[in-house]
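What the coordinates show
Residue strings, one per chain:
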Amino acid sequence: MKEHLNWEWEKFMLEMMCTTKQNIFSKAEEIVQKQMIYKIMFDSQDEFTDRETKILCASDCILDTLYNRIFCGQDKMNCQKEKIIEEAHRFAKQ
């Protein structure tokens, strides 16, 4: 999963580098939240079964999926490790 997360993070950062400063400023909170998701998932990969890991990596968008499930449509919320892990498990079991 580490390689997959690294690939996703690098792709996301390259996309941000190809945009305007104004767009980066408007996405600052999203960038910070996705970075937190990346770090937590990277450090917590042992908490997932092999099957869950395969499903998450097959999704091709772990960061976007978890970001959307946790933050979109909600008021600003603290990005807690437990919430991210819980949502990742829930996603992998769908």
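Values in this document were obtained by computation on a predicted structure and should not be read as measured data.

Turning next to the overall build of the chain. Looking only at helices and strands, the chain features 6 helices and 0 strands. Since a compact globule built from 94 residues should have a radius of gyration of about 12 Å, the 13 Å found for the chain is in line with a globular shape. Within the chain, the proportion of its 94 residues that are buried is 38%. For the chain, the proportion of contacts with a sequence separation of at least 24, taken over those separated by at least 6, is 74%. In the structure as shown, the chain presents an accessible area of about 6100 Å², 52% of it carried by carbon and sulfur atoms.

Another point: the state of the cysteines. The tally for this structure, following the rule as stated, stands at 0 disulfides. Not engaged in a disulfide, the cysteine C18 finds its nearest cysteine sulfur in C61; these two sulfurs lie 20 Å apart. No disulfide involves C61; its sulfur sits 11 Å from that of C57, the nearest cysteine. Judged by its relative accessible area of 26%, C61 is partly exposed.

The next subject is the nonpolar core. Counting residues in hydrophobic clusters, the biggest one holds 23 residues, and the most contacted among them are I37, M41, L56 and L66. For this core, the elements supplying multiple residues, two or more each, are α1 (2–17), α3 (28–43), α5 (62–70) and α6 (81–92).

What follows is about the environment of M13. Along the chain, M13 falls in helix α1. Along the sequence, M13 and Q35 sit 22 residues apart, while their C-alpha atoms lie 9.9 Å from each other.

Moving on to the packing of α3 against α5. The geometry of α3 relative to α5 is characterised by a closest axis approach of 10 Å and an angle of 115 degrees between their N-to-C directions. If you check the angle between α3 and α5, you find them roughly perpendicular. The two elements α3 and α5 meet at a crossing, and its hand is right-handed. When α3 is examined against α5, the residues E30, Q33, K34, I37, Y38 and M41 are found in contact with a partner set consisting of I62, L63, D64, L66 and Y67. When the residues that make up the contact of α3 with α5 are grouped by side-chain class, the tally is 7 nonpolar, 1 polar and 3 charged.

As a further point, take the pattern of salt bridges. By the definition in use, this model includes 9 salt bridges. Between D64 and K34 there is a salt bridge, with the nearest N and O atoms lying 2.4 Å from each other. One end of the pair, D64, is in helix α5; the other, K34, is in helix α3, with 30 residues separating them in the sequence. When the shortest N-O distance is used, the salt bridge between E52 and K93 registers 2.7 Å. Here the residue E52 occupies a position in helix α4 (residues 50–58), and K93 occupies one in the segment after α6, the gap between them amounting to 41 residues.

So, how was this worked out
Residues numbered from 1 in each chain as written. Predicted model: local features only at pLDDT ≥ 70, side-chain atom pairs only at ≥ 80, totals over all residues. Heavy atoms only, no water. Helix = DSSP H or I, 4+ residues; strand = E, 2+ residues; numbered from the N terminus. Rg over C-alpha atoms; globule rule 2.2 N^0.38 Å. Buried < 20%, exposed > 50% of the residue type's maximum accessible area, 1.4 Å probe, protein only. Contact = heavy atoms within 4.5 Å. Areas by Shrake-Rupley, 256 points an atom, 1.4 Å probe, with all protein chains shown as cover. Disulfide = S-S within 2.5 Å. Core = buried A, V, L, I, M, F, W, Y, C linked by side-chain atoms within 4.5 Å. Axes fitted to C-alpha atoms, helices over the stretch in contact; angles between N-to-C directions. Parallel < 35°, antiparallel > 145°, perpendicular 65-115°, else oblique. Left-handed = near helix turned anticlockwise from the far one by under 90°. Nonpolar A, V, L, I, M, F, W, Y, C, P; charged D, E, K, R; others polar. Salt bridge = Lys/Arg side-chain N within 4 Å of Asp/Glu carboxyl O.

On their own, these measurements won't tell you what the molecule is for.
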